[in-house]
Amino acid sequence: MTAVIIVLIIIVVALAVYLISAYNGLIRRRNQIENAWAQIDVQLKRRLDLIPNLVETVKGYAAHERETLEAVISARNAAVAAPDTPEAQSKTEGALTSTLRQLFALGEAYPDLKANQNFLALQEELSSTEGRIAYARQFYNDSVLGYNNKLQQFPTMYFARMLKFERREYFEADEAARSTPDVSF
Amino acid sequence: MYEQIRSNKRRSALLIAGFVVVVTLVGAAVGVVIGGGSIAVTIGALVVAAALAFGSYWKADQIALSVSRARPADPREYARLHNLVEGLCIASGLPKPGVYVVDDPAPNAFATGRNPRHASIAVTTGLLEKMNRVELEGVVAHELSHIRNYDILVSTLAVTMVGSVALLSDLAIRSMWWNGGRVRRSGDHNDTNNPLAFVGFALLIVAPIAAKVMQAAISRQRESLADVTACQMTRYPPGLISALEKLQEDQTATHAASTATAHLWIEQPMSGLGDGGRLRGPHSWFDTHPPLEERIALLREL
């Protein structure tokens, strides 16, 4: 009799331990996704903050390239004003990326600009920030993958559904961002 | 990956335990030989071993960095390096490690520390000069993989432990000139029987071999694993492949590396060992790294 009770207690305790660790695992993964999403925003903001500085620097050397400069500024303003949804964001950011390409292409036409230390430093900053944005999105998608996997696997799926854990969506580049921006001179 | 982390933590604990046991046993042997079996020497050895192991855990990364003469990388001067490290940390969800530079014309890099929150990576100035952006990124990602997989913990512990084994055998062998510390009366000078010297000789022969085999066992498969994890971070295998190819072409020995830190570096730092295993068989027991050709071939399959 006591043996049966002991076995039952062990089973209940083991089940409780499993549930707690599975629940905590899901919470940890979900928080990681949120953190990853916030990280993308941080990097996007960083890029937006770099642009006015860059435009000022280029103005000093190529003030009459008004068209390009204005295109960059208006693309930046559109990105600042964009609502905080993945689709709107990726559209405005994609447009900004292609105008920035044109701005950097100016460096080729103006040797003085190309030799400017400030311009070079900003170019390095911007290209590594773009790299970071891509990496942040990659990390976000990796986090979503880990979370969704856990969520749909047996046996977590049963109690995850009861506790209202929901599937997360991946970040996907939209058409504008996916196609290579064309740079015209 | 989690499997790898757990196994690395387990290995670290084993390494520390094994180290303490060996040092204590040696202490006991010395105690038997010179003190007539006094417990005090054994306890002394145990205390020393525990202190060394404890010190290794907390300070080994600093030791490895200063042995390699690494200096903190100035964020302004080495902006590109810092940017690459930050970007890859975002990709892998790691906190940013300390970034160090070693003044050495040979291209090489290593990572050290005890966990991702207390970690550092160091690259040589030669690496910064010879690698372009994507190649450098591949190398940095390789080092960050070591941090993420907790390889750094095991291998950094090994640095100080290999070092102290060498020190210990040195100490024992040198003490033979002092007749095993048993000179008490002037008449003892004629006593040519010096058991401590035999302990010293045995240690001298066995210890470095054991330490080397251990060092090699620790790092060999990890290098390939870290290569693969690095590509998972950058999603761009060609970067690391061309970096490894450049390392293969380069024949300069890394002077900043020593025997104790050899297994930390991305490429076997010693000269004359033949990176591609051209001079000897493809796998020697003492190689701390798999041949670069093999690593490149593995990455090509990705």
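Every value quoted in this text rests on a predicted model; they were computed, and no experiment measured them. (Residues numbered from 1 in each chain as written. Chains lettered and ligands numbered in written order. Predicted model: local features only at pLDDT ≥ 70, side-chain atom pairs only at ≥ 80, totals over all residues.)

1. Overview of the overall build of chain A
- Helices and strands together make up the secondary structure of chain A, namely seven helices and zero strands.
- Order of helices (α) and strands (β) in chain A, N terminus to C terminus: α-α-α-α-α-α-α.
- Relative to the 2.2 N^0.38 estimate, which gives 16 Å for 185 residues, the radius of gyration of chain A is 25 Å and therefore markedly larger than a compact globule would have.
- Along the first, second and third principal axes, the C-alpha atoms of chain A reach 95 × 30 × 25 Å.
- Counting only contacts in chain A whose residues sit at least 6 apart along the sequence, the fraction spanning at least 24 positions is 76%. (Helix = DSSP H or I, 4+ residues; strand = E, 2+ residues; numbered from the N terminus. Rg over C-alpha atoms; globule rule 2.2 N^0.38 Å. Contact = placed C-beta atoms within 7 Å.)

2. Regarding the overall build of chain B
- Assigned secondary structure in chain B consists of nine helices and four strands.
- Secondary structure of chain B in N-to-C order comes out as α-α-β-α-β-β-β-α-α-α-α-α-α.
- For chain B, the residues scored as buried account for 47% of the 302 residues in total.
- Excluding contacts between residues fewer than 6 apart, the proportion of contacts in chain B whose partners are at least 24 apart in sequence is 71%. (Buried ≥ 20, exposed ≤ 12 C-beta atoms within 10 Å, placed from the backbone.)

3. Thoughts on the interface of chain B and chain A
- Residue-level contacts link ten residues of chain B with ten residues of chain A.
- Classifying every residue of the side of chain B that touches chain A by side-chain character gives four nonpolar, three polar and three charged. (Nonpolar A, V, L, I, M, F, W, Y, C, P; charged D, E, K, R; others polar.)

4. Side note on the sheet that holds strand S3 (residues 109-115) of chain B
All names here are of chain B.
- Spatially, the four strands line up as an open sheet ordered S1-S2-S4-S3, and their pairing is mixed. Of all strands in the sheet, those with a lone pairing partner are strand S1 (70-72) and S3, marking the two edges. Sheet twist, expressed as the average angle between the axes of neighbouring strands with direction ignored, equals 30 degrees.
- For S3 and strand S4 (residues 118-124), the ladder comprises six bridges, and the chain directions are antiparallel. Paired with phenylalanine 110 across the strands is alanine 122, a residue of S4.
- Sitting on the sheet, helix H2 (residues 39-67) is in contact with S1, strand S2 (98-102), S3 and S4, with an inclination near 165 degrees to S3.
- Contacts between helix H5 (residues 133-148) and the sheet are confined to S3 and S4, with S3 contributing the most and set at about 25 degrees to the helix. (Pairing = 2+ DSSP bridges. Axes fitted to C-alpha atoms, helices over the stretch in contact; angles between N-to-C directions.)

5. Thoughts on helix H8 (residues 237-249) of chain B
- Here H8 of chain B contains 13 residues, and its C-alpha end-to-end distance of 19 Å stays within 8% of the 18 Å for a straight helix at 1.5 Å per residue.
- For H8 of chain B, the full list of buried residues reads Pro237, Gly239, Leu240, Ile241, Ala243, Leu244 and Leu247 of chain B. (Expected span 1.5 Å × (residues − 1).)

6. Describing the pairing of S3 of chain B
- Taken across its seven residues, S3 of chain B has five buried, putting it largely inside the fold.
- Hairpin connection of S3 of chain B to S4 of chain B: two residues between the antiparallel strands.

7. Regarding the nonpolar core
- Formed by 77 residues in total, the largest nonpolar core has its most connected members in Leu88, Tyr100, Ala109, Ile121, Ala122 and Val140 of chain B.
- A per-element tally of this core places helix H6 (residues 151-174) of chain B first, with eight residues.
- Aside from chain neighbours lying at most four places away, what touches valine 140 of chain B is Leu84, Val85, Leu88 and Ile121 of chain B.
- Grouped together as the second largest cluster of nonpolar side chains are 15 residues, Leu54, Ala75, Leu113 and Leu122 of chain A included. (Core = buried A, V, L, I, M, F, W, Y, C linked by C-beta atoms within 7 Å.)

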